[in-house]
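If you want the building blocks of each chain, they are given just below.
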Amino acid sequence: MRRIALPREGVPTGRVNAYLHDPPERAQTLLVDPGVAVPALFNILDSVDVSHVAVTHTHPDHARALARVAAKTDASVCAAAGHEERFRTATSLDPDQTLADGDQVAGAAVLTTPGHAPDHLAFLTDDGAACGDLVIASGSISVAAPDGDVRTYLRSLRRLRARDPGRLLPGHGPAVDDPRATIDRLYGHRRDREQRILAAVREGAADPDVAVDRAYDADLGNLRAQARATVVAHLEKLDAEGRVRGGPGTETVRAACTRFCRFPPETSCGGTGGRPCS
């Protein structure tokens, strides 16, 4: 896979990576994540016959130039199965075909990898896995409400690790030549953040804003809104697992005394000696 680094302000590393899969032994060619309409991209497309174009997910930095690329190349436009309406809204295009887990497109195997976004896909080839915003070489991946789902993100990391790709080709930054170590680092970071948020709730943080203050050590500055959305995504996971009790939209939250607590929150819990449940 050939990386095409496209400049874009406001994203990690200041660039988004498109990938071109054009092995000489195959008649079909796949372009992944044409997020920015810049000459560097179209100059390459002048010399390549692209048969299929797809995105790892429909966030604007990965999908914004898709319509222009499709018009220029007449390529078959691919969307994640089950997310066609989301795709149409993001790209103003009707997909020519949909991709489900295990499908093949232009010699790449499709792996569904939701979490960062519900429609997230990865494309596995002999050259490596184009995996969008599932991984990054340094730092961490945003898994933030309302799009982000921490449970499915962690599952997607496990699934990618099990496929054991030799190289990871992320949506931002350089290629990853130590896939398992990087996946383990990202998995550990997300679990560590979860434990900090859970500890904050158990210590009395009753809403996401207080949990942000207790779960993050650094001065967040203009990243506070992102951190709050991340905390909400984690609280949604903890609520689904019964480890916290969330109010509507997890705007209010309290800890459950056990994961499978059978007492309503307004009562005293027999398992804590008659103390109020917290």
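First, a word on scope: everything that follows refers to the structure included in this document. (Residues numbered from 1 in each chain as written. Predicted model: local features only at pLDDT ≥ 70, side-chain atom pairs only at ≥ 80, totals over all residues. Heavy atoms only, no water.)

**Let's talk about the sheet that holds strand β4 (residues 52-54)**
Taken together, six strands build an open sheet; the order of strands is β1-β2-β3-β4-β5-β6 and the sheet is mixed. Both outer strands of the open sheet, β1 (2-7) and β6 (97-99), are each paired with one neighbouring strand and no more. Going across the sheet, the axis of each strand differs from the next one's by a mean of 25°, ignoring polarity. In terms of strand pairing, strand β3 (residues 30-32) meets β4 through three bridges, oriented parallel. Within β4, the position partnered with Leu31 by the bridge is Val53. (Pairing = 2+ DSSP bridges. Helix = DSSP H or I, 4+ residues; strand = E, 2+ residues; numbered from the N terminus. Axes fitted to C-alpha atoms, helices over the stretch in contact; angles between N-to-C directions.)

**Comments concerning the side chain of Thr91**
Position of Thr91 among the secondary structure elements: in helix α4 (residues 84-91). A relative accessible area of 7% places Thr91 in the buried class. A polar contact is formed between the side chain of Thr91 and the backbone oxygen of Phe87, at a distance of 2.8 Å. The contact partners of Thr91, leaving out residues within four places of it in the chain, are Ala63, Leu66 and Ala67. (Buried < 20%, exposed > 50% of the residue type's maximum accessible area, 1.4 Å probe, protein only. Polar contact = N/O pair within 3.5 Å; in protein donor to acceptor, adjacent residues only side chain to side chain. Contact = heavy atoms within 4.5 Å.)

**A few points about the packing of aromatic side chains**
Going through the model one piece at a time under the given rule, you end up with zero aromatic pairs. Lying over the aromatic face of Tyr216, Arg193 brings its terminal NZ or CZ to 3.8 Å of the ring centre. (Phe/Tyr/Trp six-rings, centres within 6.5 Å; stacked < 30°, edge-to-face > 60°. Lys NZ or Arg CZ within 6 Å of the ring centre and 35° of its normal.)

**Some details on unusual backbone geometry**
Cis peptide bonds are those with omega within 30 degrees of zero, and the linkage from Ala145 to Pro146 qualifies with 5°. For Pro146, the location among the structural elements is in the loop between β10 (128-132) and α5 (150-163). Phi is positive for Asp33, which is not a glycine, with a value near 65°. Along the polypeptide, Asp33 turns up in the loop between β3 and α1 (39-45).

**Side note on the pairing of β10**
Most of β10 is tucked away: five of the five residues are buried. Between strand β9 (residues 121-125) and β10, which pair antiparallel one after the other, the connecting turn spans two residues. Taken together, the three bridges between β10 and strand β11 (residues 168-170) define a ladder with parallel strand orientation. Pairing of Ala129 across the sheet is with Leu168, part of β11.

**A closer look at the environment of Pro208**
Structurally, Pro208 is set in helix α7 (residues 208-215). Residue Pro208 is classed as buried on the basis of its relative accessible area of 0%. For the pair Pro208 and Ala233, spaced 25 residues apart in the sequence, the C-alpha separation amounts to 10.0 Å.

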